[in-house]
Amino acid sequence: MIRLPLIRLAVAATGALAVSACALLSTPDPVQTYRFGSAPVAGIEAMASPVQVSLRRVEFPEAVEGDKLLGVTGTETAYIKGARWVSPAADLYMESLENAFAAQATRVRLIGPRELTRGERTLDVDVRSFEARYEAPGAAPTIVVTARARLLAMPDRTVAAERLFTVEQPAGANRVSAIVEAFNTATRDLNTQIVGWTDANAG
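From a predicted model like this one, the values you see are computed outputs, not experimental measurements. (Residues numbered from 1 in each chain as written. Predicted model: local features only at pLDDT ≥ 70, side-chain atom pairs only at ≥ 80, totals over all residues. Heavy atoms only, no water.)

Attention shifts here to the confidence of the model for the chain. Residues at a pLDDT of 70 or more form 80% of the chain, whose mean pLDDT is 85. Confidence over residues 1-26 falls short of pLDDT 50; this stretch has zero contacts with residues more than four positions distant or in other chains. (pLDDT = per-residue confidence, 0-100. Contact = heavy atoms within 4.5 Å.)

Strand 2 (residues 51-55) sits mainly inside the fold: four of its five residues count as buried. As judged from the four bridges shared by strand 2 and strand 5 (residues 108-111), these two strands associate in the parallel manner. In the sheet register, Val53 faces strand 5, and the bridge partner there is Leu110. Here three bridges tie strand 2 to strand 6 (residues 121-134), and the two strands are oriented parallel to one another. Its bridge partner lying in strand 6, Val53 is registered against Arg121. (Buried < 20%, exposed > 50% of the residue type's maximum accessible area, 1.4 Å probe, protein only. Helix = DSSP H or I, 4+ residues; strand = E, 2+ residues; numbered from the N terminus. Pairing = 2+ DSSP bridges.)

Okay, the packing of helix 2 (residues 89-104) against helix 3 (residues 176-201) next. Remark: helix 2 packs on helix 3, axes separated minimally by 9 Å, with the N-to-C direction vectors making an angle of 50°. One element, helix 2, and the other, helix 3, form an angle in the oblique class. For the pair helix 2 and helix 3, the sense of crossing is right-handed. Contacts from Tyr93, Ser96, Leu97, Ala100, Phe101 and Gln104 in helix 2 reach Thr187, Leu190, Asn191, Thr192, Ile194, Val195, Thr198 and Asp199 in helix 3. Class assignment of the residues belonging to the contact of helix 2 with helix 3 gives a composition of seven nonpolar, six polar and one charged. (Axes fitted to C-alpha atoms, helices over the stretch in contact; angles between N-to-C directions. Parallel < 35°, antiparallel > 145°, perpendicular 65-115°, else oblique. Left-handed = near helix turned anticlockwise from the far one by under 90°. Nonpolar A, V, L, I, M, F, W, Y, C, P; charged D, E, K, R; others polar.)

Glancing now at the packing of aromatic side chains. Applying the stated criterion across every chain, the model contains eight aromatic pairs. Taken together, a centroid distance of 4.9 Å and an interplanar angle of 40° make the contact between Phe130 and Phe183 tilted. Linking Phe130 in strand 6 with Phe183 in helix 3, this pair joins segments that are 53 residues apart in sequence. The buried category is assigned to Phe130, whose relative accessible area is 3%. (Phe/Tyr/Trp six-rings, centres within 6.5 Å; stacked < 30°, edge-to-face > 60°.)

To continue, consider helix 2. Residues lying three or four places apart along an α-helix face the same way, a consequence of the helix completing one turn every 3.6 residues. Over its 16 residues, helix 2 extends 22 Å from the first C-alpha to the last, a length consistent with the 22 Å expected when each residue adds 1.5 Å. Of all the positions in helix 2, only Ala89, Ala90, Leu92, Tyr93, Met94, Ser96, Leu97, Asn99, Ala100, Phe101 and Ala103 are classed as buried. Among the structural elements, strand 1 (32-34), strand 2, strand 4 (76-85), strand 5, strand 6 and helix 3 are those in contact with the buried residues of helix 2. (Expected span 1.5 Å × (residues − 1).)

Put into structure tokens, the structure is as follows:
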């Protein structure tokens, strides 16, 4: 009579351990990684007397500076399931902006944060939004990228020029691949605008 409860307790404990082991060994949902920003391309011909512009580290909102893709529907936000950037979005954007200047600038030589040279101007870019906005759940979103750019005159750091840029790029479908492509297009458009604006105002 005394052994039966002990046996039942042992069986119950064994079952609990088995369930716990299954939970530990369960396979997480697969996550596909993506990148945005154009690949490096051949630069334009060397400029005779370029304006040296130092690029400060680009600031991103905390919600999107990492590797998650943010979706917004009205006042609700959620990260897009099953997708990640291959590197933090802030790092990918820095690389894409430097590549855009190398390929498109006509008057400016951009000095990256890793270089020790100091420029005549400093470019300060603050990304305010980097998200997929949905008008309704399940609809194809529009990628919205907003950034404030400032050119600072050195060494006193007075503001020589300032502008707010906003790019809206509709995704072709509510699929991750289409959303990533829209992020890529929006980023490329934003960078082209920033390069042209910097060229026009750095002198």
